[in-house]
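Spelled out, the chains give:
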Amino acid sequence: MENPKKENRQRVADIVLENQNLFKELISITFDIENKVSIKAAWVLEWICTHHHLEWILPHLDAFTSKIASLKFDSAIRPCAKICEHLATAYYAKNENEIKKKLTHLQIEAIIETGFDWLITPQKIAVRAYTMNTLYFFGLEKKWIHPELKYLIETKIIHESKGCKARGKFILSLIAKRT
């Protein structure tokens, strides 16, 4: 897979979708952070989780949440940040689902901690946008998150790119509605 075009990600995802046993290996490769192939594995992992089977990550949540902080390639962080956003969205969905049943408080804490790390370190716009959404959702239960998120947006993120500013303002408006 030479680039992350949709058809390339889907082509490789199809191989994993045909043999779910390969999913564990895909996660393993994603977190082989010294190997640039990990970037491509992260693209496919995100594609499967966001377009096909988010629930496939459930048996691997401990590995995923304990290792996301170790990612170092920008192109691997972005897809994992998107997976975190999808996990948070599913966790706070109105309908009952497996994510609500299986995502533990320790795993949520790991996502939150990594999310704040991503917001205070130099990251691409997409990572910041996905992470602000993720932290907003988890802040619905954990009351300390919204004030910290608000502070970071107002003092740092809102002064960055137009995309960060727009998402930051949107998240600030959501926080304001809750207070």
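See the structure printed just above.
Residues numbered from 1 in each chain as written. Predicted model: local features only at pLDDT ≥ 70, side-chain atom pairs only at ≥ 80, totals over all residues. Heavy atoms only, no water.

Trainee: An account of the packing of aromatic side chains is requested, with residue identities and associated values reported.
Mentor: Tallied over the entire structure, the rule returns 8 aromatic pairs. Taken together, a centroid distance of 5.9 Å and an interplanar angle of 70° make the contact between phenylalanine 31 and phenylalanine 64 edge-to-face. Pair noted here: phenylalanine 31 is in the loop between α2 (22–30) and α3 (37–51) and phenylalanine 64 is in helix α4 (residues 61–67), with a separation of 33 residues, a long-range link. The class for phenylalanine 31 is buried, based on a relative accessible area of 10%. Under the relative-accessibility criterion, phenylalanine 64 is labelled buried at 0%. (Phe/Tyr/Trp six-rings, centres within 6.5 Å; stacked < 30°, edge-to-face > 60°. Helix = DSSP H or I, 4+ residues; strand = E, 2+ residues; numbered from the N terminus. Buried < 20%, exposed > 50% of the residue type's maximum accessible area, 1.4 Å probe, protein only.)

Trainee: Would you mind going over the nonpolar core in detail, with residue names and values included?
Mentor: Membership of the largest hydrophobic core comes to 61 residues, with the highest contact counts inside it found for Phe23, Ile57, Phe64, Leu87, Phe138 and Leu149. With 10 residues, helix α5 (residues 74–91) is the largest single contributor of residues to this core. In this structure, isoleucine 57 is in contact with Phe23, Ile27, Cys49, Phe64, Ile83 and Leu87, ignoring residues within four places of it in sequence. (Core = buried A, V, L, I, M, F, W, Y, C linked by side-chain atoms within 4.5 Å. Contact = heavy atoms within 4.5 Å.)

Trainee: So, the pattern of salt bridges: which residues are in play, and what are the values?
Mentor: Under the defined criterion, the tally for this structure stands at 8 salt bridges. Salt-bridge contacts for lysine 101 lead to glutamate 98; the nearest nitrogen and oxygen are separated by 3.4 Å. Highlighted residues: lysine 101 and glutamate 98, both in helix α6 (residues 98–102), separated by 3 residues, approximately one helical turn. A residue is classified by how much of its surface remains accessible, and lysine 101, at 56% relative accessible area, is exposed. Assessed through its relative accessible area of 35%, glutamate 98 is described here as partly exposed. A single salt-bridge network, built from bridges that share partners, covers Glu46, Arg78 and Lys82. (Salt bridge = Lys/Arg side-chain N within 4 Å of Asp/Glu carboxyl O.)

Trainee: Quick rundown of the environment of glycine 115? Include the residues and the values.
Mentor: You can see glycine 115 is positioned in helix α7 (residues 105–120). Residues glycine 115 and alanine 69, 46 residues apart in the sequence, show an inter-C-alpha distance of 8.6 Å. When sequence neighbours within four positions are dropped, the list of residues in contact with glycine 115 reads Thr131 and Leu135.

Trainee: Can you lay out the packing of α5 against α7 for me, pointing to particular residues and giving the numbers?
Mentor: The N-to-C vectors of α5 and α7 enclose an angle of 135°; their axes lie 11 Å apart at closest approach. By the angle between their axes, α5 is oblique relative to α7. For α5 against α7, the interelement crossing comes out left-handed. When α5 is examined against α7, the residues Ile77, Cys80, Ala81, Cys84, Leu87 and Tyr91 are found in contact with a partner set consisting of His105, Ile108, Ile111 and Trp118. (Axes fitted to C-alpha atoms, helices over the stretch in contact; angles between N-to-C directions. Parallel < 35°, antiparallel > 145°, perpendicular 65-115°, else oblique. Left-handed = near helix turned anticlockwise from the far one by under 90°.)

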